[in-house]
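Listed below, chain by chain, are the residues.
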Amino acid sequence: GRHYCPRMASMNKPCYAAICEHSPNKPVIIFVASRRQTRLTAMDLINYAAGDENPRSFVGSDTDPSYIENVAATISDPSLRHIISFGIGLHHAGLSG
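Residues numbered from 1 in each chain as written. Predicted model: local features only at pLDDT ≥ 70, side-chain atom pairs only at ≥ 80, totals over all residues. Heavy atoms only, no water.

Draft legend 1. Main features of helix α2 (residues 12-22). Regarding α2, the residues found buried are Asn12, Tyr16 and Ile19. Projection of α2 onto a plane perpendicular to its axis shows the buried side chains occupying an angular sector of 60°, all on one side. Away from its buried face by more than 90 degrees, α2 exposes Lys13, Glu21 and His22. (Buried < 20%, exposed > 50% of the residue type's maximum accessible area, 1.4 Å probe, protein only. Helix = DSSP H or I, 4+ residues; strand = E, 2+ residues; numbered from the N terminus. Arc of directions from axis to C-beta.)

Shown next as structure tokens:
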């Protein structure tokens, strides 16, 4: 229904808080129900991290920044390239390089 997206978006802040509390240094998988929601969720996570003054908190501290830049440079989709530069990957059935 029409309230579905706002309802899904309302879960992003609790997801971010759970990541910070339970898995601050380990990979996390978040499942969402739609292709559109994958990008919205990723962008919200980046925004919450930026609000904590650590926008690249999802990039491992031992990760060479040039590695992330090199990976991002291989991605043709501008939105995905932006998201991956913050250490967040995403996958959905319609995704292409």
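Let's pick the thread back up.
Draft legend 2. Expanded view of helix α3 (residues 35-51). Taking 1.5 Å of rise per residue, the 17 residues of α3 would be expected to cover 24 Å, and the 25 Å separating its terminal C-alpha atoms lies within 8% of that figure. Inspection of α3 places Gln37, Thr38, Thr41, Ala42, Leu45, Ile46 and Ala49 among the buried residues, and these make up the whole buried set. Looking one or two places after α3, you find Glu53, whose phi comes out positive at around 60°. (Expected span 1.5 Å × (residues − 1).)

Draft legend 3. Structural detail: the nonpolar core. Ala42, Leu45, Ile46, Ile83, Ile88 and Leu90 are the most contacted members of the largest nonpolar core, which has 14 residues in total. Contributions of two or more residues to this core are made by α2, α3 and α5 (78-84). Ranked by residues supplied to this core, first place goes to α3 with 4 residues. (Core = buried A, V, L, I, M, F, W, Y, C linked by side-chain atoms within 4.5 Å.)

Draft legend 4. Spotlight on the packing of α2 against α3. At a minimum axis separation of 10 Å, α2 and α3 run at an interaxial angle of 55°. Of the possible angle classes, the one that applies to α2 and α3 is oblique. At the point where α2 passes α3, the crossing takes the right-handed sense. Here Asn12, Lys13, Tyr16 and Ile19 of α2 come into contact with α3, specifically with Gln37, Leu40, Thr41, Asp44, Leu45, Tyr48 and Ala49. The residue inventory of the contact of α2 with α3, partitioned by class, reads 6 nonpolar, 3 polar and 2 charged. (Axes fitted to C-alpha atoms, helices over the stretch in contact; angles between N-to-C directions. Parallel < 35°, antiparallel > 145°, perpendicular 65-115°, else oblique. Left-handed = near helix turned anticlockwise from the far one by under 90°. Contact = heavy atoms within 4.5 Å. Nonpolar A, V, L, I, M, F, W, Y, C, P; charged D, E, K, R; others polar.)

Remember that the coordinates give geometry; whether it matters functionally is a separate question.
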